[in-house]
Amino acid sequence: MSVFPKVGLPWPQLEAELADMKENDYDWTSGRVAAYTYYRDAELLQVAQSAYMAYFQENLLGTRVFPSLAKIESDIVQMAREIFNAPHGDCSFTSGGTESIFLACFAARERAFARGFPRSEKPQIVCCETLHPAFNKAALFLGMEVVRTPMQDDFRASPALIESAITERTVMLAVSAPSYAQGVFDPVEAVAAIAQARNLWCHVDACIGGFLAPFLAEAGYPEPKFDLSVPGVTSLSADIHKYGMAAKGASLLVFGDSKDRDYTTFEFSAWPKSTYITKSFGGSRPAGSLAAAWAVMKHLGRNGYVENVRRIMQTREQLTEGICQIEGLEVLAPAELCMLTYRCVGPGLDTDALAEQMGKRGWYVGRNARPKSIHLALNTVHVKIVDDYLADLRDAVREVRDGRLVGTEDNHTY
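Residues numbered from 1 in each chain as written. Predicted model: local features only at pLDDT ≥ 70, side-chain atom pairs only at ≥ 80, totals over all residues. Heavy atoms only, no water.

## Details of the side chain of Asp75
When you line up the elements, Asp75 lands in helix α3 (residues 67-83). Setting aside chain neighbours within four positions, we find Asp75 in contact with Trp294 and Lys298. (Helix = DSSP H or I, 4+ residues; strand = E, 2+ residues; numbered from the N terminus. Contact = heavy atoms within 4.5 Å.)

Right under this line is the structure:
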């Protein structure tokens, strides 16, 4: 049976079908999902949706036709320079963290070529094993190689191991701020100093923490040094569609030196239409996600993001305290931002079985493979679920222990 209808269907019918298909989806506004979505409240969601719909049909490629988009993008660039301490830098608005990371790798490669790196050689990126897989994805497409060094006992990168892995083909060092799996910051200052001494590109992947970490100090928490004020840091990626709370399809690639953004430029004139120039991977780009990002950033302001951090950190602390009070569970330290990971350590308790039992209670459960643990990426919506989560967790632990249940491994990233 063909899925493509011969005669077009009316919207009310299609709307009903979509509603039926969503029946088994998790309700991400309820706080039972700690991955994929980032939600504060209905008011902010309405701001993002309204701004998106105001530019639903426009094309960010055509700023000469839509000069308002050039102004919106310029505002976002200015805000990014302020947030990430890049007064002399520039910024690209991208479709997500993967594109931001891709462009950073591309720029590092192109700068190396411009400085005489042999095009017959394979440029190399050196990082810790905890760095996001998007770097390997970018390397695959760009003909580069990623060398991953072992993480330390505290799940951070070792500057010494990174430095020892550098070869004559290394063009880029990359660090996490923080890593997605464990939520800890790599020693950015130490790795950036190595990059600076060796004249290498240093990228900070702050896709997950970029709209939390800059506001830690104002929320009353220690703020690690990670941004473009750190000597030796060349570029930084941060997703507005994560903890920036914007609509999907919104990330930033920020450069400390505006000249380095030129290495992301693609220019082509050998066709009848004249010169084609882009500084991002995409050609046509959705304007709705740009407008939504602008509106959310303006609506929240600095105070709004500080409040987000305060709520998330308090939620993490409450959950950590509650989990530590459950016999047989261990919270993996030292998470520094929005991540919380814990595992079973008591007799008769299996982490995979516990994850499955929490899933049966309506919670979407993320897992880590090394060390095996349950993973939560907390955001502001989780303020309201602390008591319910801990109550279900206590029941699930009893059920696993009493039934001596053994679960099945789940090797998905998220």
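## A closer look at empty space enclosed by the protein
Evaluated as defined, the whole model comprises one cavity of 30 Å³ or more. Taken as a whole, the largest cavity holds about 60 Å³ of empty space. Taken together, Gly31, Arg32, Val33, Ala34, Leu319, Trp363, Tyr364, Leu376, Leu378, His382, Ile385 and Tyr389 make up the full set of residues lining the largest cavity. Of the residues belonging to the lining of the largest cavity, the class tally is nine nonpolar, two polar and one charged. (1 Å grid on protein atoms, 1.4 Å probe; cavity = no way out; pocket = protein on both sides within 12 Å on 5 of 7 lines; lining within 4 Å. Points joined across faces, edges and corners; volume = space filled by probe spheres on them. Nonpolar A, V, L, I, M, F, W, Y, C, P; charged D, E, K, R; others polar.)

## A short note on the packing of aromatic side chains
Using the criterion set out here, one finds 13 aromatic pairs in the structure. Look at Phe266 and Tyr276: their rings are 6.2 Å apart centre to centre, the planes differ by 70°, and that puts the pair in the edge-to-face class. Residue Phe266 is located in strand β8 (residues 266-268), and its partner Tyr276 is located in strand β9 (residues 276-278); the two are separated by 10 residues in the primary sequence. On the accessibility criterion, Phe266 (44% relative accessible area) is partly exposed. Classification of Tyr276 by relative accessible area gives partly exposed; the value is 30%. An aromatic cluster of three or more residues is present, and its members are Phe84, Phe211, Phe215 and Tyr305. Taking the ring centre of Trp363 as reference, the NZ or CZ of Arg32 above it sits at 4.0 Å. (Phe/Tyr/Trp six-rings, centres within 6.5 Å; stacked < 30°, edge-to-face > 60°. Buried < 20%, exposed > 50% of the residue type's maximum accessible area, 1.4 Å probe, protein only. Lys NZ or Arg CZ within 6 Å of the ring centre and 35° of its normal.)

## Some thoughts on the pairing of strand β7 (residues 251-255)
Along β7, five of the five residues are buried, which leaves the element largely enclosed by surrounding structure. A two-sided burial pattern is seen for β7, the buried positions comprising Ser251, Leu253 and Phe255 on one face and Leu252 and Val254 on the other. Relative to β7, strand β1 (residues 90-94) runs antiparallel, the two sharing five bridges. The partner of Cys91 across the bridge, within β7, is Val254. (Pairing = 2+ DSSP bridges.)

## Examining the sheet that holds strand β10 (residues 329-331)
Taking strand neighbours across the sheet as the criterion, the four strands line up as β10-β11-β13-β12 in an open arrangement whose pairing is antiparallel. Pairing within the sheet leaves two strands with one partner each, and these edge strands are β10 and β12 (366-369). On average, adjacent strands in this sheet sit at an angle of 35° to one another, irrespective of strand direction. Strand direction decides the pairing type here: β12 and strand β13 (residues 372-377), joined by four bridges, are antiparallel. (Axes fitted to C-alpha atoms, helices over the stretch in contact; angles between N-to-C directions.)

## Structural notes on the pattern of salt bridges
Pairs may arise between side chains of opposite charge once their charged atoms sit close together. Under the defined criterion, the tally for this structure stands at 21 salt bridges. The closest approach of N and O atoms between Arg398 and Asp395, which form a salt bridge, is 2.2 Å. With a gap of three residues between them, Arg398 and Asp395 both fall in helix α10 (residues 386-403), about one helical turn apart. Since its relative accessible area comes to 45%, Arg398 is described here as partly exposed. The exposure class of Asp395 is partly exposed, given its relative accessible area of 33%. Within this structure, Asp352, Arg367, Lys372 and Glu409 form a network of salt bridges that share partners. (Salt bridge = Lys/Arg side-chain N within 4 Å of Asp/Glu carboxyl O.)

## A look at the state of the cysteines
Tallying each qualifying case throughout the model produces zero disulfides. The closest cysteine sulfur to the non-disulfide-bonded Cys128 is located on Cys127, 7.2 Å from its own sulfur. You can call Cys128 buried: its relative accessible area is 1%. (Disulfide = S-S within 2.5 Å.)

## Concerning the environment of Val233
Of note, Val233 is situated in the loop between β5 (201-205) and β6 (235-239). Residue classification places Val233 among the buried positions, given a relative accessible area of 9%.

## Focus on the sheet that holds strand β4 (residues 170-176)
Taken together, the seven strands give an open sheet; going across it, the order is β1-β7-β6-β5-β4-β2-β3, and neighbouring strands pair in mixed fashion. Both outer strands of the open sheet, β1 and β3 (145-149), are each paired with one neighbouring strand and no more. Averaged over all adjacent pairs, the angle separating strand axes in this sheet is 20°, with direction ignored. Contacting β1, β2 (124-128), β4, β5, β6 and β7, helix α4 (residues 97-114) runs over the sheet at an angle of about 25° to β7.

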